Amino acid sequence: MNPISNPGAFTELDRFMFESWGYLIIPNVLSEEEVSECLEASIRLHESAGTSGWAQVGKGYETEVSLERLIDHPAILPKVRALYGDRFILQSAWCTKQPAFGGMGGWHQDGSGAYDFQKLGYPIPLVQLRASFLLTDQSVPRTGNMELIPGSHRSQVRLPDSIRAARESVPIGHVICAPAGSVLLFHNAVWHRTFAHDGDYDRFTMHYIYSPPWVRCSDRFENNQEFLQRTTPTRRYLMGEFSRPDAPFGASYPTEFENE
Ligand SMILES: O=C(O)CCC(=O)C(=O)O
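Quick caveat: nothing in here was measured; it's all calculated off a predicted structure.

Peer 1: Any details on the sheet that holds strand E3 (residues 89–98)? Residues and values, ideally.
Peer 2: The strands that make up a sheet pair up through hydrogen bonds in the backbone, lying either parallel or antiparallel. One open sheet holds the six strands; their spatial order is E1-E7-E4-E9-E3-E2, and the pairing between them is antiparallel. At either margin of the open sheet sits one strand with a lone partner, and together these are strand E1 (23–26) and strand E2 (55–58). Neighbouring strand axes in the sheet, compared pairwise and without regard to direction, differ in orientation by 20 degrees on average. With nine bridges connecting them, E3 and strand E9 (residues 203–211) associate as antiparallel partners. Note on E9: the bridge partner recorded for Thr 96 is Thr 205. Sheet strands in contact with helix H1 (residues 12–21) are E1, strand E4 (129–134) and strand E7 (183–186), and its direction is about 130 degrees off that of E1. Across the face of the sheet, helix H4 (residues 77–84) comes into contact with E1, E4, E7 and E9 while running at roughly 35 degrees to E9.

Now the structure itself:
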């Protein structure tokens, strides 16, 4: 059983599956050439950051054009837009490496260590919608897949600490199996983890996180000016570079002059 969707429009069935399970799997988003380009870019990113072991490198879009293109990919953006409306930003983008023969990751929900999204209320709202582009084959288990617990974004109780501490499996864990070039789109509150990887090569996934416009970015304190100048208007907007009609405050209030 898989919540399979198609690239492009967010259908009524997509909405039902997303509401029910908290995620969608979208195969055939990237071509083989695009996958190789993004994979090479990901390897370069980690090499220049000098990472070792399980690691995440942010802001790859600033230097790698193939990763920049994924920011507003036409297979994914309509779905993000259907969930958020027209006003949202790219809160961050991370390139994750699960090293060869890497073990199980820890179960968690996405959010901010500084402020637990649980405090926002029940059910935890959609604040970080993540599109994860698989850049290596994950069509069978133990290839560094993501494991998600379907519907857990609506659970009123947390995954038991004992299970989390021991990195144990749960009977309702769903190991996402999909080929390279597929995208996993998921709600921040779905409990998930990185699954084991038995391969003798590093596994790379590019994660793009979209948020309402008032959320602070987590891969950058400020935008890179050179990147802003060379990128497209849509991407500039997604980097949070837009003007607000009500800025700074109260612009919709009539001024003294207008009242006369
Ligand atoms: O293994 C990955 O690529 C993602 C890891 C993860 O769970 C996360 O970034 O929140």
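From this point on, the discussion continues.
Peer 1: Lay out the site of the ligand with the relevant residues and their values.
Peer 2: Close to the ligand lie Trp 54, Gln 56, Thr 96, His 108, Asp 110, Arg 130, Met 146, His 192, Thr 194, Arg 203 and His 207. Separating an oxygen atom of the ligand from a side-chain N or O atom of Gln 56 is a distance of 3.2 Å. At 2.7 Å, a side-chain N or O of His 207 approaches an oxygen atom of the ligand. Considering the ligand on its own, with 300 Å² of exposed area, one finds that the protein chains cover 94% of that surface.

Peer 1: Break down the pattern of salt bridges for me, with residues and values.
Peer 2: A full pass over the atoms with the stated rule returns 12 salt bridges. Glu 68 serves as the salt-bridge partner of Arg 235, at 3.0 Å between the closest nitrogen and oxygen. Linking Arg 235 in helix H7 (residues 233–238) with Glu 68 in helix H3 (residues 65–68), this pair joins segments that are 167 residues apart in sequence. A relative accessible area of 12% places Arg 235 in the buried class. Residue class for Glu 68 comes out buried when judged on its relative accessible area of 4%. Close ionic contact of Asp 110 with Arg 130 constitutes a salt bridge, the shortest N to O distance being 2.5 Å. Taken together, the positions of Asp 110 in the loop between E3 and E4 and Arg 130 in strand E4 put the pair 20 residues apart, joining distant regions of the chain. A relative accessible area of 13% means that Asp 110 is categorised as buried. According to the relative accessible area criterion, Arg 130 is buried, its value standing at 9%.

Peer 1: Hey, could you go over unusual backbone geometry for me, with residue numbers and the actual values?
Peer 2: Between Tyr 122 and the following residue, Pro 123, the backbone shows a cis peptide bond with an omega angle of -10 degrees. Mapped onto the fold, Pro 123 is located in the loop between E3 and E4. The backbone of Lys 59 sits at a positive phi, close to 60 degrees, despite the residue not being glycine. For Lys 59, the location among the structural elements is in the loop between E2 and H3.

Peer 1: Residues and numbers for the sheet that holds strand E6 (residues 174–175), please.
Peer 2: Here we have three strands laid out as an open sheet, ordered E6-E5-E8, and antiparallel in their pairing. Edge positions in the sheet fall to E6 and strand E8 (192–194), since each of these pairs with one other strand and no more. One ladder, built from three bridges, connects strand E5 (residues 146–148) with E8; its direction is antiparallel. When the sheet's bridge partners are listed, Glu 147 is paired in E8 with Arg 193.

Peer 1: Can you lay out the environment of Ala 41 for me, pointing to particular residues and giving the numbers?
Peer 2: Among the structural elements, Ala 41 can be located in helix H2 (residues 32–49). Those residues in contact with Ala 41 that lie beyond four places of it in its chain are Glu 64, Ser 66 and Leu 67.

Peer 1: Can you tell me about the pairing of E4, naming the residues and giving the values?
Peer 2: By the criterion of burial, E4 is predominantly enclosed, with six of the six residues buried. Residues Leu 129, Ala 131 and Phe 133 point to one face of E4 and Arg 130, Ser 132 and Leu 134 to the other, with burial holding for every one of them. Relative to E7, E4 runs antiparallel, the two sharing four bridges. Directly across from Ser 132, in E7, lies its bridge partner Leu 184.

The rules behind these values
- Residues numbered from 1 in each chain as written.
- Predicted model: local features only at pLDDT ≥ 70, side-chain atom pairs only at ≥ 80, totals over all residues.
- Heavy atoms only, no water.
- Pairing = 2+ DSSP bridges.
- Helix = DSSP H or I, 4+ residues; strand = E, 2+ residues; numbered from the N terminus.
- Axes fitted to C-alpha atoms, helices over the stretch in contact; angles between N-to-C directions.
- Contact = heavy atoms within 4.5 Å.
- Near = heavy atom within 4 Å.
- Polar contact = N/O pair within 3.5 Å; in protein donor to acceptor, adjacent residues only side chain to side chain.
- Areas by Shrake-Rupley, 256 points an atom, 1.4 Å probe, with all protein chains shown as cover.
- Salt bridge = Lys/Arg side-chain N within 4 Å of Asp/Glu carboxyl O.
- Buried < 20%, exposed > 50% of the residue type's maximum accessible area, 1.4 Å probe, protein only.

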